[in-house]
Amino acid sequence: MVWRGSVIDPMQDVAAPAVLDAFDEARRVGEASVDCYRAGVEAWRRTHPDQSAEYSAKQAVAVILAAKVSLRVEE
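Residues numbered from 1 in each chain as written. Predicted model: local features only at pLDDT ≥ 70, side-chain atom pairs only at ≥ 80, totals over all residues. Heavy atoms only, no water.

Caption draft 1: View of the environment of D35. Structurally, D35 can be placed in helix α2 (residues 33-47). For the pair D35 and F23, spaced 12 residues apart in sequence, the C-alpha separation works out to 8.5 Å. Engagement of the side chain of D35 in a polar contact is seen with the side chain of R38, the distance being 2.7 Å. (Helix = DSSP H or I, 4+ residues; strand = E, 2+ residues; numbered from the N terminus. Polar contact = N/O pair within 3.5 Å; in protein donor to acceptor, adjacent residues only side chain to side chain.)

Caption draft 2: Structural detail: the packing of aromatic side chains. For the coordinates displayed, the defined rule picks out one aromatic pair. Ring geometry for F23 versus Y37: centroids 5.1 Å apart, planes at 65 degrees, classification edge-to-face. Linking F23 in helix α1 (residues 16-28) with Y37 in helix α2, this pair joins segments that are 14 residues apart in sequence. (Phe/Tyr/Trp six-rings, centres within 6.5 Å; stacked < 30°, edge-to-face > 60°.)

Structure representation (structure tokens):
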């Protein structure tokens, strides 16, 4: 039997808008990149205080990357 774990889309989580708002605000005021990501993680943790710091960080960064990063393939 093959176990297929479910994949949770962090962009669909109720914390996603708060994460992106915190990240954008930190960028707007000129914070360093690490502090912008940290602001997003803190927003996630305020919404989900019961989750571990590591899991919260992974989810918040996944939200930020999904919304802010695009990859281009050069031909």
